[in-house]
Structure formats: C-alpha cells, structure tokens
Amino acid sequence: QVQLVESGGGSVQAGGPLRLSCAASGRTFNNYFMGWFRQAAGKEREFVAAISWSGGRTYYSESVKGRFTIFRGNAKTMVYLQMNSLRPEDTAVYYCTAAPEYLMGSTTWGEYDYWGQGTQVTVSS
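What counts as what
- Residues numbered from 1 in each chain as written.
- Predicted model: local features only at pLDDT ≥ 70, side-chain atom pairs only at ≥ 80, totals over all residues.
- Heavy atoms only, no water.
- Salt bridge = Lys/Arg side-chain N within 4 Å of Asp/Glu carboxyl O.
- Helix = DSSP H or I, 4+ residues; strand = E, 2+ residues; numbered from the N terminus.
- Buried < 20%, exposed > 50% of the residue type's maximum accessible area, 1.4 Å probe, protein only.
- Polar contact = N/O pair within 3.5 Å; in protein donor to acceptor, adjacent residues only side chain to side chain.
- Pairing = 2+ DSSP bridges.
- Axes fitted to C-alpha atoms, helices over the stretch in contact; angles between N-to-C directions.
- Disulfide = S-S within 2.5 Å.

Looking at the pattern of salt bridges
Pairs can form between side chains of opposite charge whenever their charged atoms are close.
Moving on, step 1. In the structure shown here, the tally under the stated rule is five salt bridges.
Moving on, step 2. The salt bridge involving Arg 38 is made with Glu 46; its shortest N-O contact spans 2.6 Å.
Moving on, step 3. In this structure, Arg 38 and Asp 90 form a salt bridge, with 2.9 Å as the shortest nitrogen-oxygen distance. Of this pair, Arg 38 sits in strand 4 (residues 32–39) while Asp 90 sits in the loop between strand 8 (78–83) and strand 9 (92–100), placing them 52 residues apart in sequence.
Moving on, step 4. Accessibility expressed as a relative area gives 0% for Asp 90, which makes it buried.

Structural data, given as structure tokens:
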C-alpha cells in the first residue's frame, strides 16, 4: 500500500521560513516524480512545485518561484519543500503527491496518482 506522509507544517509569521517533509513508502518510486500542491479554504487545489526522480528537474508555480525550493534527500523517497519569505496568502493545507514522470509539469491535480493526508501551514501578518 502506497503511503505519502507529510510533516513540518505549522504557524509562522509573515517573512519567516518553514520546511515541509514528505516520506514515500509502499512501492518502488523509480520513474515517479514527486511534488506539492496546496489548498486554501474555499479554493481549488493548486500546484506548488515538482521534482523529477533524479532531482535534476524542478518546476514551480509563479506564485512561489524564488521563495520556495523543492529537493530530494539522499534517500530518493524523501522530498522536502523549503519555504522562505512566507506570506499570508501561502496559508493552506499542503499535500505531497506522486505521479509517473511522463506527467511531470502537469498542474492538474486529478492526474496525480498518490496523495498524502496534508499538513496545515498558517502564515500570520
């Protein structure tokens, strides 16, 4: 059974940093890319960032580019999202996700195969 487990959410003041972690288990994730989406209250789930299996390719939404960094740990089943210069509009539930690499670049959440349970990030002004 595939599991994606997020951790690291919490409350932070605007301008501060936060790092999210995602641990994947339950299958071989070769040729899968991993990423993050987020969903604010009353809004649709939106793409945040993605990283290839090798870690050599990354994608970011325009709203987080330059502030957030996605990277893999030495164990390829760990993915992190370093969030800097956080803004109140970054407040959302953040979800870790995975999908086959041929879908990399997709911002359509319905195309992704696996999801974590989500972790809340709250940024206060």
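Digging into the side chain of Arg 38
Moving on, step 1. With a relative accessible area of 5%, Arg 38 lands in the buried category.
Moving on, step 2. At 3.4 Å, the side chain of Arg 38 forms a polar contact with the side chain of Ser 63.
Moving on, step 3. Polar side-chain contacts of Arg 38 include one of 2.9 Å to the side chain of Tyr 94.

Quick word on the sheet that holds strand 1 (residues 3–7)
Moving on, step 1. In space, the four strands of this open sheet follow the order 1-3-8-7, with antiparallel pairing throughout. Edge strands, defined here as strands with exactly one partner in the open sheet, are strand 1 and strand 7 (68–72). Shown here is a sheet whose adjacent strand axes are inclined to one another by a mean of 15°, direction ignored.
Moving on, step 2. For strand 7 and strand 8, the ladder comprises five bridges, and the chain directions are antiparallel. Bridge pairing in strand 8 links Phe 68 to Met 83.

Structural notes on the state of the cysteines
Here, the word disulfide means a covalent bond between the sulfur atoms of two cysteines.
Moving on, step 1. The full count for this structure, using the stated rule, is one disulfide.
Moving on, step 2. Linked covalently through their sulfurs, Cys 22 and Cys 96 form a disulfide whose S-S length is 2.0 Å. Measuring handedness by torsion sign, the sulfur bridge of Cys 22 and Cys 96 sits at about -80° and is left-handed. In this pair, Cys 22 sits in strand 3 (residues 18–25) while Cys 96 sits in strand 9, placing the two residues 74 residues apart along the sequence. In this pair, the class of Cys 22 matches that of Cys 96, namely buried.

A closer look at the pairing of strand 9
Working note: regular strand, side chains alternate between the two faces of the sheet.
Moving on, step 1. Extensive coverage of strand 9 is indicated by the burial of eight of its nine residues.
Moving on, step 2. Relative to strand 9, strand 4 runs antiparallel, the two sharing eight bridges. Bridge pairing in strand 9 links Arg 38 to Tyr 94.
Moving on, step 3. Of the pairings in the sheet, the one linking strand 9 to strand 10 (residues 114–115) comprises two bridges and is antiparallel in character. Across the sheet, the residue bridging to Ala 98 is Tyr 114, located in strand 10.

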